[in-house]
Amino acid sequence: MARILIVEDEAALSDLVRSHLEKEGHAVDQAFDGNQALACADRTRPDVVILDWMLPGLDGLTVCRELRRKHLMPILMLTARGDVADRVTGLQVGADDYLGKPFSIVELAARVASLLRRVALDRAAATTDSSQPITFGPLVLDPGGHRATLAGSSLDLSRREMDLLELLLQHPGRTFSRDFLVERLWGTDFDGLDRAVDTQMVRLRRKLGDVGACIETVWGVGYRFRPELRETT
Ligand code: CA
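All values reported here derive from a predicted model rather than from experimental measurement.

Asks: What is the right way to look at the layout of surface pockets in this model?
Replies: Gaps left between atoms show up when a probe the size of a water molecule is rolled over them. There is about 610 Å³ of room inside the largest pocket. Lining the largest pocket are 24 residues; nearest its centre among them are Ser-114, Gly-173, Arg-224, Arg-226 and Glu-228. For the lining of the largest pocket, the secondary structure elements donating two or more residues are α4 (84-92), β5 (97-100), α5 (105-127), β11 (215-218) and α9 (228-231). The element that contributes the greatest number of residues to the lining of the largest pocket is α5, accounting for 5 residues. Within the lining of the largest pocket, the residues separate by chemical class into 10 nonpolar, 4 polar and 10 charged. Both of domain 1 (3-126) and domain 2 (134-232) provide at least three residues apiece to the lining of the largest pocket.

Asks: Please clarify how unusual backbone geometry should be interpreted in this entry.
Replies: Generally, phi is negative for residues other than glycine and the peptide bonds are trans, each holding for most cases. With omega at -5°, the peptide bond leading from Lys-101 into Pro-102 counts as cis. With respect to the helices and strands, the residue Pro-102 is situated in the loop between β5 and α5. Not every positive phi belongs to a glycine, and Ala-151 is a case in point at roughly 50°. Structurally, Ala-151 is set in the loop between β8 (147-150) and β9 (153-154). Residue class for Ala-151 comes out exposed when judged on its relative accessible area of 64%.

Rules used in this analysis
Residues numbered from 1 in each chain as written. Predicted model: local features only at pLDDT ≥ 70, side-chain atom pairs only at ≥ 80, totals over all residues. Heavy atoms only, no water. 1 Å grid on protein atoms, 1.4 Å probe; cavity = no way out; pocket = protein on both sides within 12 Å on 5 of 7 lines; lining within 4 Å. Points joined across faces, edges and corners; volume = space filled by probe spheres on them. Helix = DSSP H or I, 4+ residues; strand = E, 2+ residues; numbered from the N terminus. Nonpolar A, V, L, I, M, F, W, Y, C, P; charged D, E, K, R; others polar. Domains from an automatic or database assignment. Buried < 20%, exposed > 50% of the residue type's maximum accessible area, 1.4 Å probe, protein only.

Pasting the structure below:
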């Protein structure tokens, strides 16, 4: 069972989503405007937030940005706007996934389930000793020993490539923006180009062989590691 917050001002739609998710065994809270949403998230600490873009008062984007200041839970945005630029804006302020209206309730539930799996993986990663080796298919990363092997052969990775790989493997499914990666890999005083991250990523992917195909480019935003891309190919 997970705790899910639905932020949607159309009560009928909100109730429909709630009853479906409750049938799946989740605890569901409802907020009908942005301020209510922020207060509720602070109080109930939801595992996932379903957030409508068009809300009275604070709009969904502002709510998303505010939630991100304090919380790490995945946010699924609902929107009648299907424009690519809007999707990118949503992802930049910290939304994790997107669903255009009108949507099928079954698809919404599937997206929520996928975000919850990610929460479970993140928690598992956070509770395991970070110095323990991480294994993914033929790839073994030993953060403590600063070593990685692919199918038993040692991989020649720079320190930054190693840090990048560790970050991605420890947070499957999470989108990291180029800004975040620049700060993480070079520090805040780095005044180079975002392209430096792309260059780093190209090198890392090449060295990882078919595992590298699981590092997905999120258009206009950054990168994420999607283990399932390997399972399906
Ligand atoms: Ca609405």
